[in-house]
Amino acid sequence: MASYESDDSVRSYTFQSNRSLASSHHLRHVDSLATLPSGAGRIPHLNAVILGEALASEENDLVCPSDEFSKQALVPSPQKYLEMYKRSIEDPESFWSDIASEFYWKKKWGEQVCSENLDVRNGEVKIEWFKGGITNICYNCLDRNVEAGLEDKIAIYWEGNEPGYDGTLTYSELLQKVCQLANYLKDIGVKKGDAVVIYLPMLMELPIAMLACARIGAVHSVVFAGFSAESLSQRIVDCKPKVVITCNAVKRGSKVINLKDIVDAALVESSGNGVSVGVCLTYENESAMKRESTKWKEGRDIWWQDVVPKYPTTCEVEWVDAEDPLFLLYTSGSTGKPKGVLHTTGGYMLYTATTFKYAFDYKPTDIYWCTADCGWITGHSYVTYGPLLNGASVVVFEGAPSYPDSGRCWDIVDKFKVTIFYTAPTLVRSLMREGAEYVTKYSRKSLRVLGSVGEPINPSAWRWFFNVVGDSRCPISDTWWQTETGGFMITPLPGAWPQKPGSATFPFFGVQPVIVDEKGVEIEGECSGYLCIKSSWPGAFRTLYGDHERYETTYFKPFPGYYFTGDGCSRDKDGYHWLTGRVDDVINVSGHRIGTAEVESALVSHPKCAEAAVVGVEHEVKGQGIYAFVTLVEGEPYSEELRKSIILTVRKQIGAFAAPDKIHWAPGLPKTRSGKIMRRILRKIASRQLDELGDTSTLADPSVVDQLISLADT
């Protein structure tokens, strides 16, 4: 990937108009790809962004893939993308059927590939893909690859918390371990359709447990091993599992977390609410805690190592319908009980496999590392299912990205020769703060594609990621999607078109994004509004478990006829999409609707600001005011002069109306161990509702909350 200075060097990217691809109305959001995006004639060189230096303007920045990268890419040009995209929209049944035929089906689906109703005015919302088709996702992840000759290919490279503590599993070894656990689960009475709760850290046993459930038709519900006992209990009570799978403890950096104690408390609480679980299968993670130090309940608790290895290494597959449930994943709203997002088998299988393949330009020689935990949707779709369906080699990392120091990620990249690296903007920004020297002392020559997930990545972090981590040569797949969508919805295809730092660019195959106003009217051209999706796609979730009414009310009633994402979005003059964050993260200041992500991006463009989080607070004059938590570059002292300078940066970039009313200096921000900022806690601190902070047990460092409270009035 490169940025070019002469007209000659970009001539190969002049996208020729092709009348045979004249876009119909539903292709309007990619019309702009028929011509070179404006501003691309002469592209100034993008210098490496180092914290402490001023940033170039973001306007009209375009980063083009190199000729060499594009020539080898699966989608090498806008022309090829338009051709595939047009077919996926105009003839989705044929498009997805061709992809489905690449997988193993015990029985082919019926005549109707897709049946859908997304309009609540026309009755119950319903989505079905490949109904009647009989398959199994575990078989397609493992057996199919072994039968294709990949039995000795490494499926999982595992890196423990401590450097040098590692392991590998080939595809045949992984299949054998999955079969042993599947046989054990069957032996204790787990059947097709039964729920299994998995509360494990990033050991190899986590994807093994997911695949074992899928093999026998059980519905897994992975709970992030960082949630409190109360949160775990809520999920157990909702899905009533036959068994809970956990381990005794995990080390995260230098800290030992006693997971079994949390599970014990959750099971007591669940029992008090009428749901008793008969078996707690516990893996002895001896690097964190020995079994003799583990609290134990005889008759319920079983050591994994004592039973699972005794079972046969082959296990018959439970063949399931494409629309049979595969997994439940609970998303916790800011209020109310968690929502159990239900994904089914066939459509999800195709969608995760296809999005993985094209968004990362996957090649069989790639070594792929996604830093996400399997407790989140990213770990389901892009640690376990998507990569293994493609026969990929996946890195699974148990530890913390800054342990023993901030170079750990790049040490792992060099160790395993990682070619595709997929992570969250929060991690990128925290590594930026530590300084480029932690990156540049490692080679990273193996890297060829980078990826971003979880929230919009601000342009300055995008540039640092591109220039420093990727040596200005690796495209960034800046992916927008959700737990509910199952896979990528708007994403760059690395070799296909120029990128704009911070933009998710264009929709994936089969996805029709529309931007609507408050009345639900579609807005054309350059605009901002509410992001909705028209028509279904194979990876869409089918319901909220046990609460279809909430499913319809939350996602389909706000704008009838569309799936409402809950996100705001801008589309620029070139048709590129810019996600502006959750619409409930919009602050209404004197009638101006301001996205928190927009203000945060402006704040971190200041050379002395490493990270920022913005929330709204009540304001007696403006209705709402803007309250900004700001983390400075390491070693920078707080000062009144700096406060004014940071506010001036926002005024210049967005306008006086977006200037923060309060800058709250923050040595750190409250984050989960996956890197997600807990804005709920920040809102409570900002509004001084300190007795309503709620559960802080999932934070990587709960002491940050006390620090923020102590600095509240400085």
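The preceding data block contains the structure.
Conventions adopted
Residues numbered from 1 in each chain as written. Predicted model: local features only at pLDDT ≥ 70, side-chain atom pairs only at ≥ 80, totals over all residues. Heavy atoms only, no water. Pairing = 2+ DSSP bridges. Helix = DSSP H or I, 4+ residues; strand = E, 2+ residues; numbered from the N terminus. Axes fitted to C-alpha atoms, helices over the stretch in contact; angles between N-to-C directions. Contact = heavy atoms within 4.5 Å. Salt bridge = Lys/Arg side-chain N within 4 Å of Asp/Glu carboxyl O. Buried < 20%, exposed > 50% of the residue type's maximum accessible area, 1.4 Å probe, protein only.

(A) The sheet that holds strand 20 (residues 476-478), seen in detail. Spatially, 5-4-17-16-18-19-20 is the arrangement adopted by the seven strands of the open sheet, whose pairing is mixed. Here the strands that pair on one side only, and so sit at the sheet edges, are strand 5 (166-170) and strand 20. Each adjacent strand pair in this sheet contributes to an overall mean axis angle of 20°, direction not counted. Here four bridges tie strand 18 (residues 420-423) to strand 19 (residues 449-452), and the two strands are oriented parallel to one another. Considered in strand 19, the bridge of Phe-421 is made with Leu-450. Sitting on the sheet, helix 6 (residues 171-187) touches strand 4 (154-159) and strand 5, and the angle it makes with strand 5 is about 90°.

(B) Here's a closer look at the sheet that holds strand 24 (residues 563-571). With respect to topology, four strands assemble into an open sheet ordered 21-22-24-25, the strand pairing being antiparallel. In this open sheet, the two strands that pair with only one neighbour each are strand 21 (512-516) and strand 25 (577-582). When strand polarity is set aside, the average angle formed by the axes of neighbouring strands in this sheet is 45°. Examined bridge by bridge, strand 22 (residues 527-534) and strand 24 share six bridges and lie antiparallel to one another. Pairing of Cys-527 across the sheet is with Arg-571, part of strand 24.

(C) Region of the structure containing the pattern of salt bridges. The full count for this structure, using the stated rule, is 33 salt bridges. With its nearest N and O atoms 3.7 Å apart, the salt bridge here joins Glu-611 to Arg-429. Taken together, the positions of Glu-611 in strand 28 (residues 609-619) and Arg-429 in helix 14 (residues 425-434) put the pair 182 residues apart, joining distant regions of the chain. Each member of the pair, Glu-611 as well as Arg-429, is classed as buried. Taken together, the shared-partner salt bridges connect Glu-159, Asp-166, Arg-408 and Lys-415 into one network.

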